[in-house]
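Okay, here's what each chain looks like letter by letter:
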Amino acid sequence: MNTRVLTPLTILSLASLIACTPTRVGDQVALNSPATWQHAPNTQTAETMDLKTWWQGFNDPLLNELIDKALVANHDLKIATARVREANAMVTVAEAALYPSLDFSLSGGREKRIDRIVGVPSGQGIKLITPTADAVSGGLAARWEIDVFGGRHLEAEAAAAQAEGSQEGLHAAQVGLLAQVATNYLELRGVQQRSGILQNNIALQRERLRTVQAFVKAGLANEADLARQQTLLQGTEASLPGLTNVEQNLIHRLGVLLGEPPENLGTRLAAVGRLPKQAPAMPNLLPADILAQRPDLRLAQTEVSAAAASLGSARADLYPKIVLSASGGVGALAVGGFPSLADSVYALGSGLSAPIFNAGRIRAQITAADARLEQVAANYEKTFLLALEDVENAFVAHRSANDSLGKLTEAEASAEKAYRLVDTLYSRGAGNYLAVLDAQRSKLSVSDERAKAETAVGVAMVSLYRAFGGGWTVDSLVSGIDNESIASRDKQ
């Protein structure tokens, strides 16, 4: 066979090996996942709230509205969305190296140079002139590096994994945002409830102060009783500014999360509202399920995939590179006084390069890439353990908050009963006023603790859904993501 035909066939045969990447590195990390949760409630059923919209289980229209606004206007989501667009664009950049490049060129000009003297016949013999030349050329040039050993493909895979990681970063930002909005909202309602309890007690103590003052005038109480009541009232009133400060801080924080100035929400959220009485159902997922649901674990997996692809790409630099090139075009030259000359030109070529000596640079890059893979693999395992810890802690916190709420609810009822009995006895002159004060303090303290426990139950449920990675899907992202670019990348 003619060697002119054999060489292109050989190159094409090598090109067919692109799909076989001898430098590819596995990206699987074995994780030791427990079969069940250690602290999951025994009463857990198969029914569970939809992880995508878990906050709707609180049945609070205002909370739903706040979350809808946050998903649209939150700046962290906007930043994460822009990162997704950037990463997707870099995938296109990396994949472009897999295809031939084609460039068009066109040039032309006029020149007159003294080193190009031409002798022409004349009536007086040969006359030397410097002619003016007009030259025009144009054509196409193509170049293709055949990715025989998969280096370029692996670079593209690494870029795709990084783009997927940026997508998971967006998911993680959304999960965190939903949890922050819900937590701050529940804490705000809890503080407002505690403020209401405190204001009711202040009003009660003021009324009691007026009663004691009347008793003092009637000789039924002494000045010591009056001083004690004044002290109790002033101490109780001193607690109110602290709760007001916390309330305003929570409103300001919600404003930032919703991408709005604090004053935009102040009027609406300052209206006292009760804690949601309804809570989402307990999530029902196995430990292995969080691998697919938690964005931080999915992000850690993409980092492993990207590092494995980068290691394979670094190894591919040890092997030869083959480049095909072709160019063709037309050119025209016109020299003053001479006929114009025009012709077509072309060039075909191939090249091969292989590393021989580079002072250990390639080996060092391979070592660095291998170390990077080891790091992200260890981080993936650590992230999984942290996720298990996160869920178990959330289960414990929810159970503890529920137990506390049950006991404090009973204690509040008992404190209320005790206060009424002691107050009745004192009003009839059969009791000690110190006992009334003690009963008041106990009632105030227990009611405040009950409100805090009630808040803690709701916050613990939010933490549980956050720990399970609830609150995201591609369909639920309404913050301006380029879903078409994501879908096209997923098909690849």
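Residues numbered from 1 in each chain as written. Predicted model: local features only at pLDDT ≥ 70, side-chain atom pairs only at ≥ 80, totals over all residues. Heavy atoms only, no water.

## A closer look at the overall build of the protein chain
A count of helices and strands for the protein chain gives eleven helices and six strands. Considering the protein chain as a whole, with its 492 residues, one finds that 39% of them fall into the buried category. Nonlocal contacts in the protein chain, meaning residues at least 24 apart in sequence, comprise 85% of its contacts between residues at least 6 apart. Total accessible area on the protein chain is roughly 26900 Å²; 56% of this is exposed by carbon and sulfur atoms. (Helix = DSSP H or I, 4+ residues; strand = E, 2+ residues; numbered from the N terminus. Buried < 20%, exposed > 50% of the residue type's maximum accessible area, 1.4 Å probe, protein only. Contact = heavy atoms within 4.5 Å. Areas by Shrake-Rupley, 256 points an atom, 1.4 Å probe, with all protein chains shown as cover.)

## Things to note about helix α8 (residues 295-316)
The terminal C-alpha atoms of α8 lie 31 Å apart, and with 22 residues this matches the ideal 32 Å at 1.5 Å per residue to within 8%. The buried fraction of α8 is high, at 16 of 22 residues. (Expected span 1.5 Å × (residues − 1).)

## Quick look at the packing of helix α2 (residues 61-73) against helix α6 (residues 262-270)
At a closest axis distance of 13 Å, the pairing of α2 and α6 adopts a crossing angle of 170°. Regarding the angle of α2 to α6, the classification is roughly antiparallel. Seen along the crossing, α2 lies across α6 with a hand that is left-handed. Residues Leu-62, Glu-65 and Leu-66 of α2 touch α6, and the partners they reach there are Leu-265, Arg-268 and Leu-269. Of the residues that constitute the contact of α2 with α6, the class distribution is four nonpolar, no polar and two charged. (Axes fitted to C-alpha atoms, helices over the stretch in contact; angles between N-to-C directions. Parallel < 35°, antiparallel > 145°, perpendicular 65-115°, else oblique. Left-handed = near helix turned anticlockwise from the far one by under 90°. Nonpolar A, V, L, I, M, F, W, Y, C, P; charged D, E, K, R; others polar.)

## A few points about the pattern of salt bridges
Within this structure, the stated rule accounts for 20 salt bridges. One salt bridge connects Arg-152 with Glu-145, and the closest N-O pair in it is separated by 3.3 Å. Glu-145 gets classed as buried once you look at its relative accessible area, which sits at 14%. Between Glu-449 and Lys-452 there is a salt bridge, with the nearest N and O atoms lying 2.9 Å from each other. Linking Glu-449 with Lys-452, this pair stays in helix α10 (residues 433-467), spanning three residues, or about one helical turn. (Salt bridge = Lys/Arg side-chain N within 4 Å of Asp/Glu carboxyl O.)

## As for the packing of aromatic side chains
One pass over the structure, following the stated rule, counts six aromatic pairs. Consider the rings of Trp-37 and Phe-468, whose centres lie 5.7 Å apart with planes at 90°: the pair is edge-to-face. A residue pair is termed long-range when its members are at least 10 positions apart, and Trp-37 in the loop between α1 (3-15) and α2 and Phe-468 in the loop between α10 and α11 (483-491) qualify at 431 residues. Comparing Trp-37 with Phe-468, the two get one shared label, buried. Grouping aromatic residues by their ring pairs yields a cluster made of Trp-37, Phe-395 and Phe-468. (Phe/Tyr/Trp six-rings, centres within 6.5 Å; stacked < 30°, edge-to-face > 60°.)

## Overview of the nonpolar core
Counting 83 residues, the largest nonpolar core has Val-181, Leu-269 and Phe-468 as its most contacted members. Elements represented by at least two residues in this core include exactly α2, α3 (75-96), α4 (151-218), α5 (223-257), α6, α8, α9 (361-427) and α10. Counting residues per element, this core draws most heavily on α4, which supplies 16 residues. Each residue touching Phe-468, except ones within four places of it in the same chain, is listed here: Trp-37, Leu-51, Pro-283, Leu-285, Ile-290, Gln-293, Arg-294, Val-391 and Phe-395. Ranked by size, the runner-up nonpolar core spans seven residues in total, among them Ala-87, Ala-94, Leu-98 and Ala-159. (Core = buried A, V, L, I, M, F, W, Y, C linked by side-chain atoms within 4.5 Å.)

## Description of the environment of Leu-204
Mapped onto the elements of the fold, Leu-204 is located in helix α4. In this structure the C-alpha to C-alpha distance between Leu-204 and Gln-440, which are 236 residues apart in sequence, comes to 9.3 Å. In this structure, Leu-204 is in contact with Tyr-419 and Gln-440, ignoring residues within four places of it in sequence.

## A few points about α6
Along α6, the residues that are buried comprise Leu-265, Gly-266 and Leu-269. Burial along α6 is one-sided: seen end-on, the buried residues are contained in an arc of 125°. For α6, the exposed residues lying more than 90 degrees away from the buried face are Glu-263 and Thr-267. (Arc of directions from axis to C-beta.)

## Observations regarding the side chain of Glu-247
Mapped onto the secondary structure, Glu-247 falls in helix α5. There is no salt bridge for the buried Glu-247, and the closest opposite charge comes from Arg-189, which lies 6.7 Å off by N-O distance. If we skip the residues at most four places from it in the chain, Glu-247 touches Leu-188, Val-191, Gln-192 and Ala-270. (Lys, Arg positive; Asp, Glu negative; His and termini not counted.)

## Digging into the environment of Lys-443
Within the secondary structure, Lys-443 is located in helix α10. When its relative accessible area of 15% is taken as the criterion, Lys-443 is described as buried. Sequence separation between Lys-443 and Asn-201 is 242 residues, and the spatial gap between their C-alpha atoms is 9.0 Å. Beyond its immediate sequence surroundings of up to four residues, Lys-443 is in contact with Asn-201, Ala-415, Glu-416 and Tyr-419.

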